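What the coordinates show
Residues per chain, in single letters:
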Amino acid sequence: EYVRAVMCRGTTSLFIDPHEIANVLGLAGVRLMHDEAAAMPINVFVQMPSCVPSAPGLETPGAVLGPEEVAEAMRWPQIIGLGEMMNFPGVANGDDKMHAELATAMRAGKTIGGHYASPDLGLGFHAYLAGGPGDDHEGTCLEDAVARVRRGMRAMLRYGSGWRDVAAQVKAITELGLDSRNFILCTDDCHAATLIEEGHMDRVLRHAVSQGLEPITAIQMATLNTAQLFGLERDIGSISPGRYADIVISGDLSTLPIDIVVAGGNEVVRGGRLSIEIPPYNYPDEARNTVNLKQPVEPKDFRVVAPEETTTATVRVIGVVQHQAPTRAMTFTVPVREGQVSADTDQDLCQVALVERHHGSGRIAHGFVHGFGFNRACAVASTVAHDSHQLIVVGSDRDDMALAANRLSAVGGGVAVFADRKELALVPLPIAGLMSNESASAVAQQNAQLDRALKACGCGIADAFMQLSLLALVVIPELRISDLGLVDVNRFEVVSLFYPV
């Protein structure tokens, strides 16, 4: 369904890292997506996930992959490289498992994807680069882009649904004059509504041009530069003799209306409509019903008990940063009532809980988050919670939190919003609790209802679902939550919710 949506937007090659399904189903999940990719009418190249889990010891994934699995996958025909190496402290500090995976990819002659999310561009950054990653999409500012390309990496400038990092970093080309051949445009996370209403890489190109790039330079950064990074320039990336005939015909290079798309010499799109049929891919039963709770959760399971008898408590709080993946580590003083601390809408403070959903352990971790703006009794739950994809719940009311979590357990995963004990929105994601098998337009409609529901709860941040899904990503600073508790990502350790520690 993703291919159906992006083909109409002119995309003829995808480079994907399916570490989401790997965290739920392991190597078998990667193989499912690899095999589906091979059947597509456009190029879908797969990177073997490198960090499953993304931060060993700080979270509990549904599966664990290591050097042996990486070596096996390197023999599969669609595998183009090693996926984003998120465990940057492990690489910098000489972790044996991480370096074994890097060495395996190097021996196979594959490109290693980067993911360096720390603001520290000193020795730790240099040590990470020495491990072998060839690109990075985690830069958010001009300094990040400059540091990466001056040290031999390709800087991937990201413009997804929630993360909009092109404008700041493209100045390395437009103002500082760095060589554009060292930069790549990418999307990272794009939800269905973005694909349907705004576009895919064509949207990124339009945005890059609006920031001062010459259109042909932007196109090169999305095509030839990418092909060269992955060692595919003899096959794709340019309209040249001997290459695949992957061609987009458009009437304007700046606005990029997509008239005709040719993939591998075959016309696949004309006038915005598919010219071919793509048979559906049927995922097996083991890829469904993956929300494994020990028992239904109850409102009492979301109680947060204060550490001592007092009238107030000081707590660590995850602060959402709009349009960016990093969070802020904040502290708030909250009232203690009947020995418990709760959400405080006056301070824009919601509870966040992570319910372990892979092994039925019954474990629930608790925290607080600032920035969602909820102003009524409500909750939103999701089984998309990068990267271990537990069941994450954010809410101002424990009854609604329980209802939302149990609803997702019943439907096999997805996103649900409840307010005043009533369901306002549901996006079912039955495949591993991560993916829908409906069309992008159908999911876009569900997403639209999700957005309306969140706004009805008072949420004013853009792409709130994207922010929700990254609250558990324990490899991007500053503060996150895993099933083991709050994680200080600057120090890579689990920390107490309460001060003093």
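For the structure itself, look to the data block above.
Residues numbered from 1 in each chain as written. Predicted model: local features only at pLDDT ≥ 70, side-chain atom pairs only at ≥ 80, totals over all residues. Heavy atoms only, no water.

Focus on the pattern of salt bridges
Should the charged atoms of two oppositely charged side chains come close, the side chains can pair. Inspection of the entire model under this criterion finds 20 salt bridges. Residue Asp483 is joined to Arg363 by a salt bridge in which the shortest nitrogen-to-oxygen separation is 2.9 Å. Placement of Asp483 in the loop between β22 (479–482) and β23 (485–488) and of Arg363 in the loop between β16 (349–355) and β17 (364–370) is noted, with a sequence separation of 120 residues between them. Arg363 sits in the partly exposed class, given a relative accessible area of 31%. Taken together, the shared-partner salt bridges connect Glu138, Arg158, Asp165 and Asp188 into one network. (Salt bridge = Lys/Arg side-chain N within 4 Å of Asp/Glu carboxyl O. Helix = DSSP H or I, 4+ residues; strand = E, 2+ residues; numbered from the N terminus. Buried < 20%, exposed > 50% of the residue type's maximum accessible area, 1.4 Å probe, protein only.)

Notes on the packing of helix α12 (residues 201–210) against helix α13 (residues 215–222)
Running from N to C, α12 and α13 cross one another at 140°; their axes reach a closest spacing of 9 Å. With respect to α13, the axis of α12 lies oblique. Note that α12 runs across α13; the crossing there is right-handed. Taken together, the residues of α13 that come into contact with α12 (itself represented by Met201, Leu205, Ala208 and Val209) are Pro215, Ala218, Ile219 and Ala222. In the contact of α12 with α13, the residues fall into eight nonpolar, no polar and no charged. (Axes fitted to C-alpha atoms, helices over the stretch in contact; angles between N-to-C directions. Parallel < 35°, antiparallel > 145°, perpendicular 65-115°, else oblique. Left-handed = near helix turned anticlockwise from the far one by under 90°. Contact = heavy atoms within 4.5 Å. Nonpolar A, V, L, I, M, F, W, Y, C, P; charged D, E, K, R; others polar.)

Observations concerning the packing of aromatic side chains
As enumerated under the stated definition, the model contains eight aromatic pairs in all. Taking the centre distance of 4.9 Å and the plane angle of 80° together, the rings of Tyr281 and Tyr283 count as edge-to-face. Where Phe372 meets Phe374, the ring centres are 5.9 Å apart and the plane angle is 35°; that geometry is what we call tilted. Classification of Phe374 by relative accessible area gives buried; the value is 2%. A network of ring pairs unites the aromatic residues Phe88, Tyr116, Phe125, Tyr128 and Phe492 as a single cluster. Of note, Arg31 hangs over the ring of Trp76, and the distance from its end group to the ring centre comes to 4.6 Å. The cationic tip of Arg316 hangs over the ring face of Tyr499; the distance from NZ or CZ to the ring centre is 4.3 Å. (Phe/Tyr/Trp six-rings, centres within 6.5 Å; stacked < 30°, edge-to-face > 60°. Lys NZ or Arg CZ within 6 Å of the ring centre and 35° of its normal.)

Regarding the nonpolar core
If you look at the biggest cluster of nonpolar residues, it comprises 63 residues, and the most contacted ones within it are Val369, Phe372, Phe374, Ile392, Val394 and Leu471. Apart from the residues lying within four places of it in its own chain, the contact partners of Phe372 are Val320, Asp348, Val394, Gly458, Cys459, Gly460, Ile461, Ala464, Gln467, Leu468 and Leu471. Grouped together as the second largest cluster of nonpolar side chains are 60 residues, Leu102, Val269, Leu470 and Val475 included. (Core = buried A, V, L, I, M, F, W, Y, C linked by side-chain atoms within 4.5 Å.)

Re the sheet that holds strand β4 (residues 111–114)
Strand order in the open sheet made by the four strands is β1-β2-β3-β4, with parallel pairing throughout. Looking at which strands have only one partner, the edges of the open sheet turn out to be β1 (13–16) and β4. Pairwise comparison of adjacent strand axes, ignoring direction, gives a mean angle of 30° for this sheet. The strands touched by helix α6 (residues 96–107) are β3 (79–85) and β4; relative to β3, the strand with the most contacts, the crossing angle is about 155°. (Pairing = 2+ DSSP bridges.)

Points about unusual backbone geometry
The peptide bond linking His386 to Asp387 adopts the cis configuration, its omega dihedral lying at 0°. When you line up the elements, Asp387 lands in the loop between β18 (378–382) and β19 (391–395). With a phi angle near 50°, Leu256 is a residue other than glycine that sits in the positive phi range. Summarising the element assignment, Leu256 is placed in the loop between β8 (247–250) and β9 (258–263). For Asn289, which is not glycine, the phi dihedral falls at a positive 55°.

Focus: the sheet that holds strand β11 (residues 273–274)
The strand order across the open sheet formed by four strands is β8-β9-β10-β11, and the pairing between neighbours is antiparallel. At either end of the open sheet lies a strand with only one pairing partner, and these are β8 and β11. Bridge count between β8 and β9: four bridges; the pairing is antiparallel. Within β9, the residue paired with Ser250 across the bridge is Ile258.

Let's talk about the side chain of Asn87
Tracing the chain through its elements places Asn87 in the loop between β3 and α5 (88–92). Since its relative accessible area comes to 8%, Asn87 is described here as buried. Polar contacts involving the side chain of Asn87 include one to the main-chain amide nitrogen of Gly90, which spans 2.9 Å. The residues contacting Asn87, other than those within four sequence positions of it, are Cys51, Ser54, Pro56 and Met98. (Polar contact = N/O pair within 3.5 Å; in protein donor to acceptor, adjacent residues only side chain to side chain.)

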